Structure formats: structure tokens, C-alpha cells
There are 4 protein chains.
Amino acid sequence: MPPTSKSSSNPPAKRGGGKGERTRARILGSATEVFAESGYSAARVADIAQAAEVAHGTFYTYFDSKRDVFKALADDVVDEIFAALKGGPNLGSTPLERIHNANARYIDLYGSHAVILALIEQVATSDAEFLGTRLDLRRRFIARVERAVKRMIETGQATGIDGLDPHIVANALGGMIDNFCYAWFVLKEPFEKEAALHTLDTIWANALGLQRPAKG
Amino acid sequence: MPPTSKSSSNPPAKRGGGKGERTRARILGSATEVFAESGYSAARVADIAQAAEVAHGTFYTYFDSKRDVFKALADDVVDEIFAALKGGPNLGSTPLERIHNANARYIDLYGSHAVILALIEQVATSDAEFLGTRLDLRRRFIARVERAVKRMIETGQATGIDGLDPHIVANALGGMIDNFCYAWFVLKEPFEKEAALHTLDTIWANALGLQRPAKG
Amino acid sequence: MPPTSKSSSNPPAKRGGGKGERTRARILGSATEVFAESGYSAARVADIAQAAEVAHGTFYTYFDSKRDVFKALADDVVDEIFAALKGGPNLGSTPLERIHNANARYIDLYGSHAVILALIEQVATSDAEFLGTRLDLRRRFIARVERAVKRMIETGQATGIDGLDPHIVANALGGMIDNFCYAWFVLKEPFEKEAALHTLDTIWANALGLQRPAKG
Amino acid sequence: MPPTSKSSSNPPAKRGGGKGERTRARILGSATEVFAESGYSAARVADIAQAAEVAHGTFYTYFDSKRDVFKALADDVVDEIFAALKGGPNLGSTPLERIHNANARYIDLYGSHAVILALIEQVATSDAEFLGTRLDLRRRFIARVERAVKRMIETGQATGIDGLDPHIVANALGGMIDNFCYAWFVLKEPFEKEAALHTLDTIWANALGLQRPAKG
DNA sequence: AATGAATGAGAATTCATTCAT
DNA sequence: TATGAATGAATTCTCATTCAT
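Residues numbered from 1 in each chain as written. Chains lettered and ligands numbered in written order. Predicted model: local features only at pLDDT ≥ 70, side-chain atom pairs only at ≥ 80, totals over all residues. Heavy atoms only, no water.

**As for unusual backbone geometry**
Going by this rule: Counting from the N terminus, the helices are DSSP H or I runs at least four residues long and the strands are E runs at least two residues long. Buried, partly exposed and exposed residues are distinguished by accessible area as a fraction of the type maximum, computed with a 1.4 Å probe on protein chains only: under 20%, between the cut-offs, and over 50%, respectively.
Positive phi values are uncommon outside glycine, yet A:Lys188 reaches one of about 65°. Along the polypeptide, A:Lys188 turns up in the loop between helix H7 (166-186) and helix H8 (193-208). Classification of A:Lys188 by relative accessible area gives exposed; the value is 63%. The backbone phi angle of C:Glu53 is positive, close to 60°, even though this residue is not glycine. Secondary-structure assignment places C:Glu53 in the loop between helix H2 (45-51) and helix H3 (56-62).

Dropping the structure here:
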């Protein structure tokens, strides 16, 4: 996970171990906390600065506005997720293994970025750019699922969804994972990881009509 | 718990067909539009009043605050959804028919209230009461799904999820419908109703391992 | 002098004898005072509001910004001056009388608007629109002088400036009046009106080489 | 009164060709540019420093404040102009020649310092000291003109302004030159030097009623 | 001396809410 | 009840100046 972030428009130092860079990082951290605590709209720049233990004005040494810190935060998360979604096919010798790995990866990814993901959702309501981000995020994920579903149909591995539109199937099954993560990590519904994963895997397998290899 | 909107604390007329009631309704309508357009935080009372073609001050003749109109709007939706969720079991002679009817009902319900539902989500971020509302809404829906799943297991209709926790299954399958509706009605992803419903029904049936009655 | 002013972009009332209009007028008056006292940059909206005895926020009910009040003020003055400059030729049976009347008019006009004129000058330094205003004001005045000078040359009334460019002559003589007014009304150099006018008239007459009619 | 800049209160080097002195000069130069570009109030110390290619903080190694650089700049100009105005009588064997030389000198002086002169004007609006400077500048110039006018009246060289107050005449004719320079160098109205000078000389001569020596 | 990060005192602006008519 | 002017608290953002290194 590289500490990328490329949106801050007000960089006093050229990144590195300098004092400025540490302050910037502290502000980013505080911003995440404050946004998580109060939501985007209710968060005040003054609070972020205070949480970062810098003067109010110092915030503006590093970021142009509240939106700008948020964009920095969001860009980092989006980059990382896109990178993960672009990564090669999921490993595994059976379709079920590959589904399991994909679900596990998505859950981990979501879990690490749940706060920012939920915030992007929120902000998207009144900011066209983030609405785009939000849609993009979903579409790329669904597209990946859709490709996998098509492949499984073509190779005869999925036999339960003949005649269904893979795009709709992908939206349903992808959305299932997404929503589950949302409930789990954003709404904080308590789930036990092993059981949750196993359940989701099974539902996928059943839904697609996977040819169950003699397993255990 | 009165069945309809209970939050407006400033009722100038005693409800009915009076002029006051019509004005109040107009403000509620404009509020929905303005909230939908700008999001809750960015929406301005002045805009709502203007859209309702009343003076800025008149807004406060009917509602105590911006939050108050929103609560009136949300309460109506929440009441209606709760009523629907409390309603008797879904009709249908086969499990698949009952699932189909439940899904169709949920989709219709979501579709009619998508705007407010999305707004409740937003507001929940910084308002404890609406956070409660939001959780309640999900939990009641999931609980209903959970009851149905349990019943199908107990009656031997669902054979594919032996050993899985019905609570997790319900969260997954219920969340699938919820997320699909979200993509469809909030994010405006275009889906064709017949195909979508049929796909969702099939995935449920497959996932649960429904004993397919010889159908058509 | 009509109380025109057309730039305020935030009009709560449609002008008239209403309360709003009176408040607006009071703010315009206070703005003039505060600008005169502190200069444009140093003037604070809070001071203008306080001087007008309204709440700080009330200022924004009538004007969008500090610049906006200033524009309202400037536009009024500019309109009036343009109207005066567009007015028919100066009356008088002899060239000297006409010059005298023109000078007297200009002095009166400048005197009534000295504060705003000086402010426009100031603001022009860092605001392109007002720089345009300022140039326009000068050019229209000079153009008028230039036409008069040309006419006097053509009719043989001015015999002292043969071979000179009337445009330069107009800039010099027009500028002389302008600068005199500036010293008088802005820098507050004390001059006695009769003497000043007579001196300026005489210099014009001499400079142009007016055929002195046997006068007194 | 030391002959050169006396205001910088923060001299790191003892003036001379040292590095410090060169840096100081660079800052003064950048300050002129930035002030000219944006006006005094809108000019930012950060911009001046950047234009001088020094760190923001370095500015304060050489000057105490934004006002302080400006004062250094203004003092240099004021000193030079005062020196010129104090200089001996203008050379020339005829009054017209002397007027011509005086006008030419003033125009050159104004031309070289137009930027700072215009800025002093601006700053005078909200700074008592510079208001004094501004008045002083004008009064000294007018006083010199007044002395010349009186001399020409007394020696019978000026016959056109009998009975007029030489103080008013000086304000008018001196102001004419001043305003012309203002239009030319500050407002950037394009004038051709030869023609402009000749026109101004002629107007002076005519206005004063100079006895035209048989010329050329 | 030089650097540039940090400071914090303003100043502008917004907008929910109140209130006199 | 309806109106819309008035209020002022809350927030953002700016930038001259200071200061540790």
C-alpha cells in the first residue's frame, strides 16, 4: 500500500521524511477520524486541525479546502481498490476456490477502507465528481464479477443460470458481497468472519449452480 | 404510534382539506425535491420555501426546523415500510412464488421511496436518531427474511444451506435485494424489471436449494 | 439626481418606499462613509453594517459582497456623470462663456462625487472592471473637450494652437481641470471658488488664444 | 535626512556589494513588480518573496513588514523627486526654454517613477504617513511652479495673468503637467513625446502670456 | 543568514431561525 | 396565518508574521 495521494494542491514540501510530510500525514489521519465521527458535511476544518494538533491555519498549508483533504483520502482508497480489481485472476484450482479467494479479498479490501468508502457514498449525493467515483467503483467491480460469471458459464462450470443475463447476475451477486460488507463494516453488524465467508461462498456456488467437486 | 407523519410540531391547521394542509403538503413535496437535488446538508430552507412558492418564514409556520421536515418525510416512509414488513406472509402456493412476490413487493416499495431512503442513509451519518432508523429498517427487513429462510429450512423446502446460519444467509440474500434496488433506483443503473426480478428469484431459489416444482 | 443604482444582485424588495429599500439606502450611505474613511481595501463589511446600524448579516441581504456595494455606488456616479457629459452643448453666447459654464459644471459634478471618484481610482489598481470604468470616464470627458477644441479651431475662435493636435490639447486642458478638482476636493487643498473658476477660465482662454471679446 | 532609503529596519548586511545587499535589492525589485501588478493591499509578501527567489521568511530578514518594503521603495522615489525639485533653477536663456526644460524634466522624472507614484497615491488613502508624503510631493512641486510664475510676472515676462493668484495658476498649470503624466504613464494613454512636450510648452506659454521671443 | 513550516488573528460569507407587521 | 426583513452564530479561508532549525 503506497502512500500515494496526489490531490493535495498545496504542498509545502516535496514529500519525503521532512517535517512537512509528517504534518500532512497527521492531518490526513485526523481528517479520516473526524469525517468518520461526524460525517463529511458536519465535519469542521477546525476540528480536523485540532485533532491533528496543528493550528487552524496550518490545515491550509497542506490542503486547499475540506473537499481537498477528502479528495486526497478518497483518491488513495480508490487507487488501491482499482489496483486490486485490475490484478490478475484469482488463484485457485477450482471455481469455488477462486470465488472464495475473490470474496475474501474483497472483504479485506472493504474492511480496510470502509470508513472512506462510506464517506464517498455520502459525498456523492451532492458532488458530481464523487458521484462519478462512486459509480466507477461499483461498475469496475461488477464488470470483474461479470467476466468471471461469463467464463464459468462458457466453460460449463456454472450450470444454474442458463438464460440469465450475466450482467444482472453480476449485479446481484456482486452487490450481495458489497452490501454484506457495508452492513458488517459500516453499520457494524457483528459477523464472524469464517462463517460469513463460508456462507457467502456457498450462496455463490449454489446460485451459479457450480458443479460441486467432491469436497471434504 | 399514529400511523402517519407525527413529527411536525407546528401544525397551524388541524389537517384536513384546509388551505393550511395544502400548503404543508406543498412544502413536503418541495422538500423532497430539494433534498434529492442537493442532499440534506446542502439543501437550504430558503430553497424549499421558494420551490413551494411560500415565503421563507412560512416554512416555520409548518415545521420547526429543517430537520423537522426531513423527519416528517422520513417518518412517513418508515411507517409505510414497517407496515409492509409487518404484513402477513407473502402469498403464493409455492416457495418460489412467495419469494417472487416478496421480491416484487420490496422492489416496488424501494422504488417508490428511493429518494427518502437514500437521504436517511446520508443523514444517519451525523444524526443518532436517523442512524437508529436506518439500522431498524435493515434489521426488520432482514429479520423477516430470516424468518422465511428458517421456515423453509424447517419445512425441508430449502435444502442447499444446511449447516449455515440463517441470520447470515438472510443478511446476504436480503442485502442482495437491497443493494440491487440501490443500484437501480438510487444510482440509476438501468435494469429491465422482468429480467431483474426473474434473475433475483432464480438466484434465491438456487442459493437456498429450493426443490424446484416441475414448473412450466 | 435619480437614485438609480442597478448593480446590487441581492434585492429583497422591488424598490419602493418599503422597509427594505430604506435599509438598502442606509447601507449605501454607510458604505460611502466607511470607504471614504478607510479606503476600499481597508474598509470592512462589518464596519459598513455597523455604521448602517444593521446586523452584519443584513448587509448580505442587500449586497453580494463588498465589491458589490462599491459597484452600486460607482454605477450611480458613473451614470450621472455620463448623463452630464452626454448633455447638449454648453450654453453661452461667447466661447469664453461656454468654457466658463463647462468648467463650472465639471467642478460641481466632481465636487458632489469626489469621494466615489477617488475610490474608483483606487480600486482601478487591482480590478480590471473598474480600471475600464476609470478609463472610460476620462476618455469620454476628454473626447468632449476635444470636440469643443476642434470646433473652436475650425470656427477661428481659437487662434493660439495652430498646428497642435487637438487630442493632446484636450488631454492637457481637460486634465488640468480634472487635476485641479482632485487637489481641491480629494486632497482638500483650499481654494476659493470664484477665484479658482476665473483663473481656470482665463488659462483656457489664453491657452487657446481666444479672441477676447471686449469684456467688462 | 540621509539621501537614500532609510526605512528598512532590519539590515543584515552593511550595504555594499555583499550578498545580503544583492538579495535586498532583488526583494525591492520584486516588490515593485508585485505591487504594480496587484496594488498594495492585494500584494502578498509570499509573492514578493517568490518573485525574488528567496524563501518567504527571508523577506523578514530584510524588511520588517510589507509596509516597510513599500516605505523603502517610496522613500527612494520621494528623495529623488525632492532632490530634483530642490535643484537650481532650470537652465535656458528664454522663459520658454526654461519652461520647456522644466516640463521635460518633470515628465522624465514621472516616467521613471510612475509605478511607485501611483502606489503612493493608493496607499495614502489608508495611511496617514503616506497621505502626508503625497501632499508634500504635490505641494513642493506646486511651490516651485508658483515661484517661477511669480518671477515671470515680476519680471514682466508673463503678461497674461495679471490679477490672478499665482498660487491658483501654479496649481492649474502644475496640475496640468501632473495629470498629463498620470494619463500617459499610469493609465498608459499613448502620447508621442515630442508632440506632447511641444503642446504642453505652448499651452504654458499662451496661458502665461509669455512674450514670444522671435523664435526660429 | 536563510529556510519554510507553523501560527492565529482577522475578514468574508452563509443560512437557519426569529420576529414585527 | 403569511410575509420577508433582520439577526448573528458558525465556518471557511487568507496571509502577515514568527520561529525553530
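More follows now that the structure is in view.
**Here's the deal with the relation of the copies chain C and chain D**
Here is the rule we go by: The copies were overlaid with a least-squares fit restricted to C-alpha atoms from residues scoring a pLDDT of at least 70 in each copy.
The transformation that overlays chain C on chain D combines an axial shift of 0.1 Å with a rotation of 180°, and the residual RMSD is 0.2 Å. Taken together, the rotation and translation relating the two chain copies correspond to the operation of a two-fold axis.

**Side note on the domain arrangement of chain A**
Residue and element names in this part refer to chain A. Basically, it comes down to this: Reported domain spans reflect what an automatic or database domain assignment gives. What makes two residues a contact is simply this: any of their non-hydrogen atoms within 4.5 Å. In this description, buried area is defined as the sum, over both parts, of the accessible area (probe of 1.4 Å) that is lost when the two are combined. Within this document, salt bridges are pairs made up of a side-chain nitrogen of Lys or Arg and a carboxyl oxygen of Asp or Glu, the two lying within 4 Å of each other.
When the domains of chain A are assigned, the result is domain 1 (18-64) and domain 2 (70-208). Its C-alpha centre places domain 1 at a distance of 30 Å from the equivalent point of domain 2. Between domain 1 and domain 2, the residue contacts involve 9 residues of the former and 8 residues of the latter. In total, domain 1 and domain 2 occlude about 670 Å² of area from one another, counting both sides; carbon and sulfur atoms represent 84% of this. The largest per-residue losses of area from domain 1 upon contact with domain 2 belong to Thr32, Phe35 and Tyr40, which jointly make up 64% of the total buried on that side. Our count for the domain 1 to domain 2 interface comes out at 0 salt bridges.

**Let's talk about the interface of chain B and chain A**
Test applied: Pairs of N or O atoms within 3.5 Å make up the polar contacts considered here, provided that, within protein, one atom can donate a hydrogen while the other can accept it, and that residues adjacent in sequence are counted only when both atoms are side-chain atoms. Gly falls in the polar group here, along with every residue not listed as nonpolar (Ala, Val, Leu, Ile, Met, Phe, Trp, Tyr, Cys, Pro) or charged (Asp, Glu, Lys, Arg).
Taken residue by residue, the interface counts 41 residues in chain B and 42 residues in chain A. Between chain B and chain A the total buried area reaches about 3300 Å² when both faces are included, carbon and sulfur atoms providing 64% of it. Interface area lost by chain B to chain A is led by B:Ile168, B:Asn179 and B:Leu187, which between them contribute 16%. Applying the counting criterion to the chain B and chain A interface returns 2 salt bridges. Applying the counting rule to chain B against chain A returns 13 residue pairs in polar contact (both at pLDDT 80 or more). Of the residues forming the side of chain B that touches chain A, the biggest block, 13 residues, is contributed by helix H7 (residues 166-186) of chain B. Class assignment of the residues belonging to the side of chain B that touches chain A gives a composition of 18 nonpolar, 15 polar and 8 charged.

**Here's the deal with the environment of D:Asp64**
Residues and elements named next belong to chain D. Along the polypeptide, Asp64 turns up in the loop between helix H3 (59-62) and helix H4 (66-86). Residue Asp64 is classed as partly exposed on the basis of its relative accessible area of 37%. Along the backbone, Asp64 and Asn179 are 115 residues apart, and their C-alpha atoms lie at a distance of 34 Å.

**Points about the nonpolar core**
General note: in soluble globular proteins, nonpolar side chains tend to be found buried as a group. Going by this rule: Take the buried residues of types Ala, Val, Leu, Ile, Met, Phe, Trp, Tyr and Cys, join any two whose side-chain atoms come within 4.5 Å, and each joined set is a nonpolar core.
Judged by nonpolar contacts, the single largest core of 146 residues is most densely connected at C:Met176, C:Leu208, D:Met176 and D:Leu208. B:Leu117, B:Leu137, B:Ala172 and B:Ile203 belong to the second-largest nonpolar core, a separate cluster that totals 145 residues.

**Structural notes on the packing of helix H4 (residues 66-86) of chain B against helix H5 (residues 95-124) of chain B**
Residue and element names in this part refer to chain B. Applicable threshold: Fitted lines through C-alpha atoms give the axes, limited to the stretch in contact for helices. The angle between two N-to-C directions lies from 0 to 180 degrees. The hand of a helix crossing depends on one turn: near helix anticlockwise from the far one by less than a right angle means left-handed, and clockwise means right-handed.
One way to put it is that H4 packs onto H5 with a least axis distance of 10 Å and a crossing angle of 145°. Considering the relative orientation of H4 and H5, their crossing is left-handed. Contacts between H4 and H5 involve Phe70, Leu73, Ala74, Val77, Val78, Glu80, Ile81 and Ala84 from the first element and Arg105, Leu109, His113, Ile116, Leu117, Leu119, Ile120 and Val123 from the second. Its residues assigned to classes, the contact of H4 with H5 shows 13 nonpolar, 1 polar and 2 charged.

**A look at the pattern of salt bridges**
Scanning all chains against the criterion turns up 40 salt bridges over all chains. Measuring nitrogen to oxygen at the nearest pair gives 3.0 Å for the salt bridge that ties A:Asp47 to A:Arg44. For C:Glu146, the salt bridge goes to C:Lys150, with nearest N and O atoms at 3.5 Å. With a gap of 4 residues between them, C:Glu146 and C:Lys150 both fall in helix H6 (residues 128-154), about one helical turn apart. Relative accessible area serves as the criterion here: at 15%, C:Glu146 is assigned to the buried category.

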